[in-house]
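# Structural features, examined
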Amino acid sequence: MLTTTEILKKVRELEIKSKRLTRHLFTGEYHSAFKGRGMSFREVREYAAGDDIRFIDWNVSARFNHPFSKLFEEERELTVMLLVDVSASSVFGTTHARKKDLITEVCAVLAFSAVNNNDKVGAILFSDKVEGYIPPKKGREHVLYIVRQLLTTEPKQKGTNLSEAIRFFNRSARQKAIVFFLSDFLDGNGDQRMRAGKAEPGFEDALKVAGKKHDMIGIKVYDKMDMQLPAIGMVEAEDSETGNRYWVDTNDYLVRNNYQQYFFNHTEQCKSIFQKAGCDLLHLRTDEDYVKILQRFFVGRHRPT
């Protein structure tokens, strides 16, 4: 448990780093990726050299026997929501950082990018129930409050229920939002389905509903050891969310191979769910540079198709 002094120091560190990244790396990319995705007609004016010919208003042009262009204005204010997994599995990490640390840092960067563009930002913190809801607002102080909550929230529950988090968001969101959904997507209910041979982890229906109205971006955060077990002999393991304990022979090639295959299967299932819902999905490993991955995503979104 962090002391008040440690919390304030960590918040300040995250603010400095996030503002630096926002100012030098993400301002243009964020603006290009999300600004202007909703456009409304404003007026027509006489065509000028350099105007996009796709926006010529042919009806008005024919009436006045002179070309006129349509002018549009982008939706100036966007709402960004952070759906953040704070379940027990988020505190796992073996290399650079815990999954929770990476999620908090990414949330801080995204939140400062949003308020820097005069957008509102809010957050939903969840385990197998909603642990906290922060309505979207503007401003630096609001972002710092979100960061403090991410650093200090001690979930009352240990498990994960992705469907419940998405359904809560669907009920609470009053307007279209850009949603960053940060989790390892290890859903207890869904994992049971997968082990039973079912096709998908179990939150696909709720995600499809959200994806029809909102701009959903999943960010799957994982640790190197989520993917691959080291050969270190017989170890006693405990499931952080269920408390179940069992012995694992990590020297057994078949055990390690099955463990890795389960990770790949789970990853492919998540990709399939997000794709079917019309949503994006990024993958961040705790020892990788998330800045490059986010930048590449923002730039790729803006690139004309």
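Everything here concerns the structure above.
Now for a description of the structure that goes with this document.

All right, on to the pattern of salt bridges then. Throughout the structure, instances matching the rule amount to 16 salt bridges. Between arginine 245 and glutamate 238 there is a salt bridge whose closest N-O contact spans 2.4 Å. Within the structure, one salt-bridge network assembled from shared partners comprises Arg12, Glu15, Lys19, Arg140 and Glu141.

The next subject is the side chain of serine 90. Considering the arrangement of structural elements, one finds serine 90 in the loop between β3 (79-85) and α3 (99-116). Look past the residues within four positions of serine 90 in its chain and what remains in contact with it is Asp85, Arg98, Lys99, Lys100 and Asp184.

What follows concerns the packing of helix α5 (residues 162-172) against helix α7 (residues 204-213). Look at α5 against α7: their axes get within 9 Å of each other, and the N-to-C directions meet at 30°. Between α5 and α7, the interaxial angle falls into the category roughly parallel. Where α5 crosses over α7, the handedness of that crossing is left-handed. Counted together, Ser163, Ile166, Arg167 and Asn170 of α5 and Ala206, Leu207, Val209 and Ala210 of α7 form the full contact between these two elements.

The subject of this paragraph is the nonpolar core. With 47 residues, the main nonpolar core has Phe34, Leu82, Val106, Val121, Phe180, Ile219 and Tyr290 as its most contacted residues. At 11 residues, the largest contribution of residues to this core is made by α3. Not counting chain neighbours up to four residues away, the residues in contact with tyrosine 290 comprise Lys17, Leu21, Leu102, Glu105, Val106, Val109 and Leu284. Met81, Phe126, Phe181 and Leu207 belong to the second largest nonpolar core, which has 25 residues in total.

Attention now moves to the packing of aromatic side chains. In this structure the tally under the stated criterion is 10 aromatic pairs. On the numbers, 5.8 Å between centres and 50° between planes, the contact of phenylalanine 297 with phenylalanine 298 is tilted. Members of the aromatic cluster, joined through ring pairs, are Phe126, Phe181, Phe185, Phe203 and Phe274. The aromatic ring of phenylalanine 55 is capped on one face by arginine 54, whose charged end is 5.7 Å from the ring centroid.

What follows is about the sheet that holds strand β10 (residues 280-285). Here 6 strands make up an open sheet; going across it, the order is β5-β4-β3-β6-β7-β10 and the pairing mixed. Two strands lie at the open edges of the sheet, namely β5 (130-137) and β10, each paired on one side alone. Between one strand axis and the next, the sheet turns through 15° on average, direction left out of account. Packed onto the sheet, helix α4 (residues 140-152) meets β3, β4 (120-126) and β5 and runs at close to 15° relative to β4.

Right, let's get into the pairing of strand β6 (residues 178-183). Burial analysis of β6 places 6 of its 6 residues in the buried class, the great majority of the element. Alternating positions in β6 separate into two faces, Ile178, Phe180 and Leu182 on one and Val179, Phe181 and Ser183 on the other, with burial throughout. Strand direction decides the pairing type here: β6 and strand β7 (residues 215-222), joined by 6 bridges, are parallel. Its bridge partner being in β7, leucine 182 is matched across the sheet by isoleucine 219.

Procedures and definitions
- Residues numbered from 1 in each chain as written.
- Predicted model: local features only at pLDDT ≥ 70, side-chain atom pairs only at ≥ 80, totals over all residues.
- Heavy atoms only, no water.
- Salt bridge = Lys/Arg side-chain N within 4 Å of Asp/Glu carboxyl O.
- Helix = DSSP H or I, 4+ residues; strand = E, 2+ residues; numbered from the N terminus.
- Contact = heavy atoms within 4.5 Å.
- Axes fitted to C-alpha atoms, helices over the stretch in contact; angles between N-to-C directions.
- Parallel < 35°, antiparallel > 145°, perpendicular 65-115°, else oblique.
- Left-handed = near helix turned anticlockwise from the far one by under 90°.
- Core = buried A, V, L, I, M, F, W, Y, C linked by side-chain atoms within 4.5 Å.
- Buried < 20%, exposed > 50% of the residue type's maximum accessible area, 1.4 Å probe, protein only.
- Phe/Tyr/Trp six-rings, centres within 6.5 Å; stacked < 30°, edge-to-face > 60°.
- Lys NZ or Arg CZ within 6 Å of the ring centre and 35° of its normal.
- Pairing = 2+ DSSP bridges.

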